[in-house]
Amino acid sequence: MDKKSLVSVIIPTYNSANNLKIMFISLLDSNYKHFEVIINDDLRTNDKTPEIIKEYKNKGLDIIFLKNNISMAQARKKGVEFSKGSILLHLDSDMQVSSGLIGECVSLIDKGYRALVIPEESYGKGFWANCKWLEKKMFYRC
């Protein structure tokens, strides 16, 4: 693969309009610009997800919008069917990506990695947020 590898970012959603705004802002700030976003929205969604997608398409994101999500696994699989990229990046709608993340993934794939697991940082306040933070830290290598 080369520097121009298209990355397909696949995101299943369910009533995720507010989270998508934050995700899309982080994707717009990406240093690596050769990517598409595939949103597979749950059939039961009744929020403003379509409007948010339209807004961020107008801001320059290449977004494919599907509305046939019946489960997380099925939504990801269906997203792959519509992807054009040679690299698949599966994310959740409540995540944010750092500006260098997509480019770093492409660089590692170019070096011969076939798959990557990206550690997720967890934030929040209170007992359960602290439990989740600790759980995530348990998977980091020292």
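My aim in this report is to walk through the structure given alongside it, one point at a time. Only a predicted model underlies this, so the values are computations on that prediction, with no experimental measurement involved. (Residues numbered from 1 in each chain as written. Predicted model: local features only at pLDDT ≥ 70, side-chain atom pairs only at ≥ 80, totals over all residues. Heavy atoms only, no water.)

**Notes on the overall build of the chain**
Then comes step 1: Tallying secondary structure elements over the chain gives 5 helices and 4 strands in all.
Then comes step 2: Helices and strands appear in the chain in the N-to-C order β-α-β-α-β-α-β-α-α.
Then comes step 3: Its C-alpha atoms give the chain principal-axis dimensions of about 45 × 40 × 25 Å.
Then comes step 4: In the chain, the proportion of contacts linking residues at least 24 apart, taken out of those at least 6 apart, comes to 78%.
Then comes step 5: For the chain, the computed accessible surface area is about 9100 Å², with 55% contributed by carbon and sulfur atoms.
Then comes step 6: Positive and negative side-chain charges of the chain, numbering 21 and 17 respectively, have mean locations separated by a distance of 1 Å. (Helix = DSSP H or I, 4+ residues; strand = E, 2+ residues; numbered from the N terminus. Contact = heavy atoms within 4.5 Å. Areas by Shrake-Rupley, 256 points an atom, 1.4 Å probe, with all protein chains shown as cover. Lys, Arg positive; Asp, Glu negative; His and termini not counted. Charge placed at Lys NZ, Arg CZ, Asp CG, Glu CD.)

**Considering the sheet that holds strand 2 (residues 35-42)**
Then comes step 1: One open sheet holds the 4 strands; their spatial order is 3-2-1-4, and the pairing between them is parallel. Each end of this open sheet is capped by a strand with a single partner; those strands are strand 3 (63-69) and strand 4 (87-90). For this sheet, the mean inter-axis angle between neighbouring strands, taken without regard to orientation, is 25 degrees.
Then comes step 2: Pairing of strand 2 with strand 3, which is carried by 5 bridges, proceeds in the parallel orientation. Considered in strand 3, the bridge of Asn40 is made with Leu66. (Pairing = 2+ DSSP bridges. Axes fitted to C-alpha atoms, helices over the stretch in contact; angles between N-to-C directions.)

**Quick word on helix 2 (residues 49-58)**
An α-helical segment advances 3.6 residues per turn. Residues three or four places apart therefore align on the same side.
Then comes step 1: Among all positions in helix 2, only Thr49, Ile52, Ile53 and Tyr56 are buried. Along helix 2, the residues classed as buried sweep out an arc of 100 degrees about the axis, all on the same side. Residues Lys54 and Asn58 are exposed on helix 2 and point more than 90 degrees away from its buried face.
Then comes step 2: One or two positions beyond helix 2, positive phi appears at Gly60, with a value near 110 degrees. (Buried < 20%, exposed > 50% of the residue type's maximum accessible area, 1.4 Å probe, protein only. Arc of directions from axis to C-beta.)

**Re the packing of aromatic side chains**
Then comes step 1: This structure, assessed with the given rule, holds 2 aromatic pairs.
Then comes step 2: Ring centres of Phe24 and Tyr56 lie 5.4 Å apart, and the angle between their planes is 50 degrees; this geometry places the pair in the tilted category. Here Phe24 is found in helix 1 (residues 17-28), whereas its partner Tyr56 is found in helix 2, with 32 residues between them in sequence. Exposure class is identical for Phe24 and Tyr56. Each is buried.
Then comes step 3: Ring geometry for Phe127 and Trp128: centres 4.9 Å apart, planes at 75 degrees, overall edge-to-face.
Then comes step 4: With a relative accessible area of 57%, Phe127 lands in the exposed category.
Then comes step 5: Judged by its relative accessible area of 68%, Trp128 falls in the exposed class.
Then comes step 6: We note Arg44 situated over the ring of Tyr14; from NZ or CZ to the ring centre the distance is 4.5 Å. (Phe/Tyr/Trp six-rings, centres within 6.5 Å; stacked < 30°, edge-to-face > 60°. Lys NZ or Arg CZ within 6 Å of the ring centre and 35° of its normal.)

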